[in-house]
Protein chains: 2
Amino acid sequence: MELFFADRIDGGFCFLPEEEAAHCVRVLRHRVGDAIDVIDGAGTLYRCCLTDSSPKGAQARILETVPGWGGHPYRLTMAVCPTKNNDRYEWFVEKAVEVGVDRIVPVIGEHSERRVYKPERSRRIALSAAKQSLKAAIPSVEEPVSVADFIRGCTASLKLIAYCFEEETAPRRSVAEVLRSCSGDDIAILIGPEGDFSPEEARLALSAGFVPVHLGPSRLRTETAAITAVESVYFHYCL
Amino acid sequence: MELFFADRIDGGFCFLPEEEAAHCVRVLRHRVGDAIDVIDGAGTLYRCCLTDSSPKGAQARILETVPGWGGHPYRLTMAVCPTKNNDRYEWFVEKAVEVGVDRIVPVIGEHSERRVYKPERSRRIALSAAKQSLKAAIPSVEEPVSVADFIRGCTASLKLIAYCFEEETAPRRSVAEVLRSCSGDDIAILIGPEGDFSPEEARLALSAGFVPVHLGPSRLRTETAAITAVESVYFHYCL
């Protein structure tokens, strides 16, 4: 099964942007009349019939609409500090989309070595991974914000922060245990940089209602901690 | 904390091979008399004092021996078909070692596109990931074998196979549910190639006592399925 992304859906038709149209008609050689499957990136699948096979902007008539296609029964925001090595972050983006995430927010911490992050490449990876793993919703990769600003603005019903040091006032519990004991399915998880959060960032998070969690005894790199956190939510809701 | 790998331990001394010795004395500039931490790759940590700082073959006197250091409370064999793109397999090796695995067996299935796998690079990645994630045991990466040979020779107490199609005679259960309902902590998990197992391979596995499992509703690439399976064992035993 091959999915195409439409950037405009209007009047019973899906309109493919140039790159998607070229892939559809030049690479896969679809012709007018062929059945194709189109996603809107927001969670809906459209079963369509190709009506215009221009490689600059194909269009397809909608035959059937399937909302919530390929979705998951939770809403997950991963706020993860960019890694020194960009490939490692992009790998995380791909894997998180495959497993199931909704928003990825690159956050810059006080100890972050990488203080600039351009989300364009990660957005393309998210689109490609969503299509490859048959999801109609393409997770967003947002513009970077500071850890402190993310903490202040986070409105998820369950907010978790994973860090390595033990704050005396707030012992960490395992992420699996916290997921089991809390209700709500709108979750945000904050993962720090290679140098961990600063004690001030941890305290700010705790005062904003973030629950301190650990990801088990293994010492994980930033991107491995991040995917382990995604898997913990996926297992809790889906397995 | 920095770990060094010793390929020989004898008479109260650890002997570092050339690459490790050069890293220890040339890059990190350790001198005779410095305290260093050495692993044997089989699960034991040695706290040592550097006694010979030759970059061609440093040696260190053992002060303290810590068996089972950085270990996990299960034994996990991951038998995973090599991916078309080698980077994806090597990424899986690194992540599996960080999270916790004991043996990685590249298996060649009837539908495998990649039919040759050279384990040398993956072994170096496993060594590096074990040191980086503070584990004294370096998981083995074995020579490739056929899926059928792996099935016939597998002696684990709990044997799981993840495939995508539903064998009519054996409905798949979730990997988490199977782990919860079975005892034993010597586990082998078989993950197929991009083209899945052949029906004959699946039947052979079932007749050899493999339990068919699924990894949830998401459609995962081979290497993502493999790391998801590792995470499921890690969560079951450690979180």
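Quantities reported herein were computed from a predicted structural model and do not represent experimental measurements. (Residues numbered from 1 in each chain as written. Chains lettered and ligands numbered in written order. Predicted model: local features only at pLDDT ≥ 70, side-chain atom pairs only at ≥ 80, totals over all residues. Heavy atoms only, no water.)

A. A look at helix α7 (residues 222-238) of chain B. For α7 of chain B, built from 17 residues, the straight-helix expectation of 24 Å at 1.5 Å per residue is met to within 8% by its first-to-last C-alpha distance of 24 Å. In terms of burial, α7 of chain B is a largely internal element, 15 of the 17 residues being buried. (Helix = DSSP H or I, 4+ residues; strand = E, 2+ residues; numbered from the N terminus. Expected span 1.5 Å × (residues − 1). Buried < 20%, exposed > 50% of the residue type's maximum accessible area, 1.4 Å probe, protein only.)

B. Structural detail: unusual backbone geometry. Backbone geometry at aspartate 196 of chain A places phi at a positive 70 degrees, although glycine is not the residue there. Within the fold, aspartate 196 of chain A resides in the loop between β13 (186-191) and α6 (199-207). Of note, the phi angle at leucine 134 of chain B is positive, near 60 degrees, even though the residue is not glycine. Position of leucine 134 of chain B among the secondary structure elements: in the loop between α3 (120-132) and β9 (140-141). Owing to a relative accessible area of 19%, leucine 134 of chain B belongs among the buried residues under this scheme.

C. Structural detail: the sheet that holds strand β2 (residues 8-10) of chain B. All names here are of chain B. Spatially, the six strands line up as an open sheet ordered β1-β4-β5-β6-β3-β2, and their pairing is mixed. Pairing within the sheet leaves two strands with one partner each, and these edge strands are β1 (3-5) and β2. Shown here is a sheet whose adjacent strand axes are inclined to one another by a mean of 40 degrees, direction ignored. Looking at chain direction, strand β3 (residues 13-15) and strand β6 (residues 59-66) are connected through three bridges and run antiparallel. Directly across from cysteine 14, in β6, lies its bridge partner alanine 60. Sheet contacts for helix α1 (residues 18-27): β1, β4 (35-39) and β5 (45-52); angle to β1, the most-contacted strand, approximately 150 degrees. (Pairing = 2+ DSSP bridges. Axes fitted to C-alpha atoms, helices over the stretch in contact; angles between N-to-C directions. Contact = heavy atoms within 4.5 Å.)

D. Fine view of the side chain of threonine 83 of chain B. Residue and element names in this part refer to chain B. For threonine 83, the location among the structural elements is in the loop between β7 (75-80) and α2 (86-99). Given a relative accessible area of 0%, threonine 83 falls into the buried group. A polar contact is formed between the side chain of threonine 83 and the backbone nitrogen of tyrosine 89, at a distance of 3.3 Å. Contacts of threonine 83, omitting those with residues within four sequence positions, involve Arg88, Tyr89, Arg114, Glu194, Thr222 and Glu223. (Polar contact = N/O pair within 3.5 Å; in protein donor to acceptor, adjacent residues only side chain to side chain.)

E. Looking closely at the pattern of salt bridges. Residues and elements named next belong to chain A. In this structure the tally under the stated criterion is 36 salt bridges over all chains. The closest approach of N and O atoms between aspartate 10 and arginine 8, which form a salt bridge, is 3.4 Å. A salt bridge links arginine 152 to aspartate 149; the nearest nitrogen and oxygen atoms lie 3.2 Å apart. Placement of both arginine 152 and aspartate 149 in helix α4 (residues 147-153) is noted, with a separation of three residues, approximately one turn of the helix. Since its relative accessible area comes to 58%, arginine 152 is described here as exposed. You can call aspartate 149 partly exposed: its relative accessible area is 46%. (Salt bridge = Lys/Arg side-chain N within 4 Å of Asp/Glu carboxyl O.)

F. Representation of the confidence of the model for chain A within the structure. Averaged over chain A, the pLDDT score is 95; the fraction of residues at 70 or greater is 98%. As a predicted assembly, this complex carries a pTM of 0.96 together with an ipTM value of 0.95. (pLDDT = per-residue confidence, 0-100.)

G. Representation of the relation of the copies chain A and chain B. When chain A is fitted to chain B, the best match, at an RMSD of 0.0 Å, comes from turning it 180 degrees and sliding it 0.0 Å along the axis. Expressed as a symmetry operation, the mapping of one chain copy onto the other fits a two-fold axis. By C-alpha distance to the rotation axis, the residue of chain A lying nearest is glutamate 231 of chain A, at 3.6 Å. (Least-squares fit on C-alpha atoms with pLDDT ≥ 70 in both.)

H. Structural view of the packing of helix α7 (residues 222-238) of chain A against α7 of chain B. Between α7 of chain A and α7 of chain B, the shortest axis-to-axis distance is 10 Å and the interhelical angle comes to 75 degrees. On the basis of the axis angle, α7 of chain A is roughly perpendicular to α7 of chain B. Packed against α7 of chain A, whose contacting residues are Ile227, Thr228, Glu231, Ser232, Tyr234 and Phe235 of chain A, the element α7 of chain B presents Ile227, Thr228, Glu231, Ser232, Tyr234 and Phe235 of chain B at the interface. (Parallel < 35°, antiparallel > 145°, perpendicular 65-115°, else oblique.)

I. Region of interest: the pairing of strand β8 (residues 103-108) of chain B. Residues and elements named next belong to chain B. Buried residues dominate β8, accounting for five of its six residues. Relative to β8, β7 runs parallel, the two sharing four bridges. Residue pairing for β8: threonine 77 is matched across the bridge by arginine 103. Tracing the backbone out of β7, into α2 and back to the parallel element β8 gives a crossover that is right-handed. Direction of pairing for β8 relative to strand β10 (residues 145-146): parallel, over a ladder of two bridges. When the bridges of β10 are listed, isoleucine 108 appears paired with serine 146. (Right-handed = clockwise from strand over helix to strand, strands pointing away.)

J. Up close: the interface of chain A and chain B. Residue-level contacts link 31 residues of chain A with 31 residues of chain B. Both faces considered, chain A and chain B share a buried interface measuring about 2,700 Å² in area, 53% of it formed by carbon and sulfur atoms. Looking only at chain A, the three residues that lose the most surface to chain B are Arg219, Phe235 and Leu239 of chain A, adding up to 23% of its buried area. For the pair chain A and chain B, the interface holds eight salt bridges. The tally of links from chain A across to chain B stands at 24 residue pairs in polar contact (both at pLDDT 80 or more). Of the residues forming the side of chain A that touches chain B, the biggest block, nine residues, is contributed by α7 of chain A. Classifying every residue of the side of chain A that touches chain B gives 13 nonpolar, nine polar and nine charged. (Buried area = accessible area lost by both parts, 1.4 Å probe. Nonpolar A, V, L, I, M, F, W, Y, C, P; charged D, E, K, R; others polar.)

K. Up close: the nonpolar core. If you look at the biggest cluster of nonpolar residues, it comprises 84 residues, and the most contacted ones within it are Met78, Phe92 and Ile191 of chain A together with Met78, Phe92 and Ile191 of chain B. Not counting the four nearest positions on each side in its chain, phenylalanine 92 of chain A is found in contact with Met78, Val80, Ile104, Glu223, Ala226, Ile227 and Val230 of chain A. (Core = buried A, V, L, I, M, F, W, Y, C linked by side-chain atoms within 4.5 Å.)

L. Local environment of the packing of aromatic side chains. This structure, assessed with the given rule, holds ten aromatic pairs over all chains. Ring centres 5.5 Å apart and planes at 40 degrees place the aromatic pair tyrosine 74 of chain A and tyrosine 237 of chain A in the tilted group. On the criterion of sequence distance, the pair formed by tyrosine 74 of chain A in the loop between β6 (59-67) and β7 (75-80) and tyrosine 237 of chain A in helix α7 is long-range, its members being 163 residues apart. Looking at tyrosine 74 of chain A, the relative accessible area reads 5%, which means it is buried. Ring pairs connect the aromatic residues Tyr234 and Phe235 of chain A together with Tyr234 and Phe235 of chain B, which therefore count as one cluster. The aromatic ring of tryptophan 91 of chain A is capped on one face by lysine 95 of chain B, whose charged end is 5.3 Å from the ring centroid. (Phe/Tyr/Trp six-rings, centres within 6.5 Å; stacked < 30°, edge-to-face > 60°. Lys NZ or Arg CZ within 6 Å of the ring centre and 35° of its normal.)

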